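Coordinate analysis (summary)
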Amino acid sequence: MLKDITLGQYFPGDTIAHRLDPRTKILLTTLYIVALFSANGFVSYAVMIACLILSVRLANVPPRAMVRGLRPVLFIIVFTAVLNLFFTPGGREFFRWGFLTVTETGIKTALFMVLRIMLLIMGTFLMTYTTSPISLTDALESLLNGLKRFRVPVHELSMMMSIALRFIPTLIEETDKIMSAQKARGADLEGGNLMQRAKAMIPILVPLFVSAFRRADELATAMECRCYHGGEGRTRLHVLRYQRRDYNALAIGGVICVCVFVLGRLGW
Amino acid sequence: MESILQIRHLTHTYSIGTPFERDAVRDVSFEVGRGEFLGIIGHTGSGKSTLIQHLNGLLRPTEGQVLLSGRDIWAEPKKIRDVRFRVGLVFQYPEYQLFEETVYKDIAFGPVNQGRQGAELDRCVRDAARLVGLREDQLDKSPFELSGGQKRRAALAGVLAMEPDVLILDEPTAGLDPVGRETLMENIRAYHREQGKTILLVSHSMDEIARNVDRILVMKSARILMDGTPPEVFSRSEELLSAGLDIPHAARIAIALRRRGLDIPPDVYTVDALEREILRLRKETVPC
Ligand SMILES: Nc1ncnc2c1ncn2[C@@H]1O[C@H](COP(=O)(O)OP(=O)(O)OP(=O)(O)O)[C@@H](O)[C@H]1O
Ligand SMILES: [Mg+2]
């Protein structure tokens, strides 16, 4: 069923990772990514792995869910591994077959690259696992607030994002319904060549677009009726406030990031 | 009566293997006779829509079977489309499925999928339009220019045009005004009278069900609570009320009168019958 696709796959919970301010989590993830890209030795990668494992434990997310998040990028991971393994020159040579070589540097680079991608994906996934999409957009709006001075429509962008997020499940449900209705009239959505398949989409796309526009229209009217007039002077129901735990988390994150940076420079 | 549809121990579970797992239909069995007009009623979320989507193979049973003319519809999954042509299903708010440039083409979508062509195609499209009360000149309009009620009729015609043996309607009159409701129901009644085809009507309105169907299925929390003719079902009005269901207005008044000690038989549920009973009681008690 289409409905089983979840977006951002938020795991509701009440752990320290869930209670942190969403802005803190975005900043920590950014720090994590910076650290990840400056790591280049066994010690620094070990620190990154330890950080991730600790955070996953703290967030109480099942490890299986973390691994599942890697599935969509499996191809990229394998591709990177193969490319780096066979095409990196340097160091001791273990194996040669035509233009393919396996060298000491090659093995190391491949290992690190794969680790880097996996940690990157899992790190960002952990953020979406513990933060609802709506608080993420709130946090982004608040973090990007400074850009307003440069006439970037931050509020409008984040409002658009919240609305889009809000309507994704609705549209998926609607697509499901329209598909069933057309199947009931004998629409064949599976068989046929590419051309026939594309044509079979028309009975689904037309009603879907019509209803999406209708919904957008209704929503706009409803918002106007409630005096929505953009971000100017608008207050919030949920005001984001940094707590002590946020400062602590950011301090720890900052220290680790600097340490990894130094370790990376040293080549550890 | 020969039965056209047999539902045996049907269970449907949504989102199996997730924390959201739940049975929307649980161990439901019943039969539908050829030419019967069957009403299905139940509280919101009782599983009516889920149930009827099994009858034309849109959903596959988690457990149990659906037999059409004695054959399991999933015996040959490749041929499920033929089942959908024989069991026409009109969804709740079907007007949102219209997509063609003209009403005519939209009604023709089903029959064309069936492989009908030429004069045969033209005949079934025009027949269907006539059955739902669409005028000839409306056939060349864009479906998006029609009013809400006319759109509903066009969508209904799109299923009727496939000339199914069984017609299933999921709340066909929801969201229409009283006049639109009554004329649409009159069209459906006329279709049943003229063609003698089997109809399953899902509705929230007890009055609508009471006035039209031969037999009623009452669903409650994924199961069948009652199955019987309208007099049988409405004679258990108090039970229906305690199940959180609506009952016809006349039955409600009958209950109130009975509470006051008036002798009204339990099978009174239409306005006409109630009127007769009240007049009879008046004659007996107040000699004029
Ligand atoms: N696609 C779906 N995925 C998961 N659960 C569903 C799905 N469709 C329905 N359900 C659940 O199954 C139950 C039965 O739903 P169903 O739509 O069959 O009820 P209904 O009797 O038709 O209600 P209504 O009168 O409101 O139309 C509900 O609790 C609903 O939440
Ligand atoms: Mg329903």
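In this report, the structure presented in the accompanying data block is examined. (Residues numbered from 1 in each chain as written. Chains lettered and ligands numbered in written order. Predicted model: local features only at pLDDT ≥ 70, side-chain atom pairs only at ≥ 80, totals over all residues. Heavy atoms only, no water.)

1. A closer look at the sheet that holds strand β6 (residues 87-90) of chain B
Residues and elements named next belong to chain B. The cut-off we apply is this: Here a strand pair is declared whenever DSSP counts at least two bridges between the two strands. Secondary structure elements are defined from DSSP: runs of H or I of at least 4 residues count as helices, runs of E of at least 2 residues count as strands, and each element is numbered from the N terminus. All axes here are fitted lines through C-alpha atoms, helices being fitted over the stretch that makes contact, and every angle between N-to-C directions spans 0 to 180 degrees. Any pair of residues with heavy atoms lying within 4.5 Å of one another is described as a contacting pair.
On the basis of which strands lie adjacent, the open sheet formed by six strands has the order β6-β7-β8-β3-β9-β10 and mixed pairing. Edge positions in the sheet fall to β6 and β10 (223-228), since each of these pairs with one other strand and no more. Averaged over all adjacent pairs, the angle separating strand axes in this sheet is 15°, with direction ignored. Bridge count between strand β3 (residues 37-42) and strand β9 (residues 215-220): five bridges; the pairing is parallel. Residue pairing in the sheet places Ile40 in a bridge with Leu217 of β9. Against the sheet, helix α6 (residues 178-195) touches β3, β7 (166-170) and β8 (198-203), its axis set at about 155° to β8.

2. Description of the site of ligand 1
Residues and elements named next belong to chain B. Stated formally: Put simply, a residue is near a molecule or strand once any heavy atom of it comes within 4 Å of that molecule or strand. Polar contact criterion, stated in full: a pair of N or O atoms within 3.5 Å, where within protein one must be able to donate a hydrogen and the other to accept it, and residues adjacent in sequence count only if both atoms are side-chain atoms. Surface accessibility follows the Shrake-Rupley procedure with a 1.4 Å probe radius. Residue values consider only the protein chains on display as shielding.
Not every one of the 15 residues close to ligand 1 is listed here, only the nearest: Gly45, Gly47, Lys48, Ser49 and Thr50. One nitrogen or oxygen atom from the main chain of Gly45 is found 2.9 Å from an oxygen atom belonging to ligand 1. Protein contact buries 73% of the 630 Å² of open area that ligand 1 shows by itself. Those elements that place two or more of their residues in the shell around ligand 1 are β2 (22-33) and α1 (48-55).

3. Some points on the interface of chain A and chain B
Many structure descriptions define interface size as the accessible area lost when the parts assemble. We apply this condition: Joining two parts hides part of their accessible area as seen by a 1.4 Å probe, and the buried area is that hidden amount summed over both. Salt bridges are counted wherever a side-chain nitrogen of Lys or Arg sits within 4 Å of a carboxyl oxygen of Asp or Glu. For this classification, the nonpolar set comprises Ala, Val, Leu, Ile, Met, Phe, Trp, Tyr, Cys and Pro, the charged set comprises Asp, Glu, Lys and Arg, and every other residue, Gly included, is treated as polar.
The interface of chain A with chain B comprises 18 residues on the first partner and 22 residues on the second. Here chain A meets chain B over a buried area of about 1600 Å², counting both sides, of which 63% is carbon and sulfur. On the surface where chain A and chain B come into contact, there are one salt bridge. The closest approach of N and O atoms between Arg185 of chain A and Asp106 of chain B, which form a salt bridge, is 3.1 Å. For the pair chain A and chain B, the interface holds five residue pairs in polar contact (both at pLDDT 80 or more). Among the elements of the structure, α8 (154-184) and α9 (194-225) of chain A are those that each provide at least two residues to the side of chain A that touches chain B. Of the residues contributing to the side of chain A that touches chain B, the split by class is 10 nonpolar, three polar and five charged.

4. Re helix α10 (residues 244-266) of chain A
Residue and element names in this part refer to chain A. What counts here: Expected helix span is taken as 1.5 Å per residue step, with the number of steps being one fewer than the number of residues. Throughout this description, buried means an accessible area under 20% of the type-specific maximum (1.4 Å probe, protein chains only), exposed means over 50%, and partly exposed covers the range between.
Under the 1.5 Å per step criterion, the end-to-end length of α10 is 33 Å for 23 residues, consistent within 8% with the ideal 33 Å. Listed as buried for α10 are Asp246, Ala249, Gly253, Cys257, Val260, Leu263 and Gly264. Packed against the buried residues of α10 are α2 (22-38) and α3 (42-59). Gly267 occupies a position one or two residues after α10 and carries a positive phi of about 80°.

5. Some thoughts on the nonpolar core
All names here are of chain B. Filter applied, for reference: Each nonpolar core is a collection of buried residues, namely Ala, Val, Leu, Ile, Met, Phe, Trp, Tyr and Cys, held together in the definition by side-chain atoms within 4.5 Å.
Judged by nonpolar contacts, the single largest core of 51 residues is most densely connected at Ile107 and Leu240. Not counting residues within four places of it along the chain, the set of residues in contact with Ile107 comprises Val125, Ala128, Ala129, Leu134, Leu139, Ala154, Ala157, Gly158 and Ala161. The next biggest cluster of nonpolar side chains, apart from the first, holds 31 residues, and it includes Leu5, Val32, Val83 and Met219.

6. As for unusual backbone geometry
The phi torsion of most residues other than glycine is negative, and most of the peptide bonds are trans. All names here are of chain B. A positive phi is found at Asp27, a non-glycine position, where the angle reads about 45°. Tracing the chain through its elements places Asp27 in strand β2. Assessed through its relative accessible area of 42%, Asp27 is described here as partly exposed.

7. Considerations on the sheet that holds β2 of chain B
All names here are of chain B. Strand order in the open sheet formed by four strands is β2-β1-β4-β5, and the pairing between neighbours is antiparallel. Where the open sheet ends on each side, the last strands, each with one partner, are β2 and β5 (71-72). With two bridges connecting them, strand β4 (residues 63-68) and β5 associate as antiparallel partners. Its bridge partner being in β5, Leu68 is matched across the sheet by Arg71. Of the strands in this sheet, β1 (3-14), β2 and β4 are in contact with α1, which crosses β1 at around 125°.

8. Here we look at the pattern of salt bridges
All names here are of chain B. Tallying each qualifying case throughout the model produces 33 salt bridges over all chains. A salt bridge links Glu182 to Arg211; its shortest N-O distance comes to 3.1 Å. A residue pair is termed long-range when its members are at least 10 positions apart, and Glu182 in helix α6 and Arg211 in helix α7 (residues 206-212) qualify at 29 residues. Glu182 sits in the partly exposed class, given a relative accessible area of 33%. Ionic contacts of the salt-bridge type, sharing partners, join the residues Arg116, Glu120, Arg123, Asp127 and Glu163 into one network.

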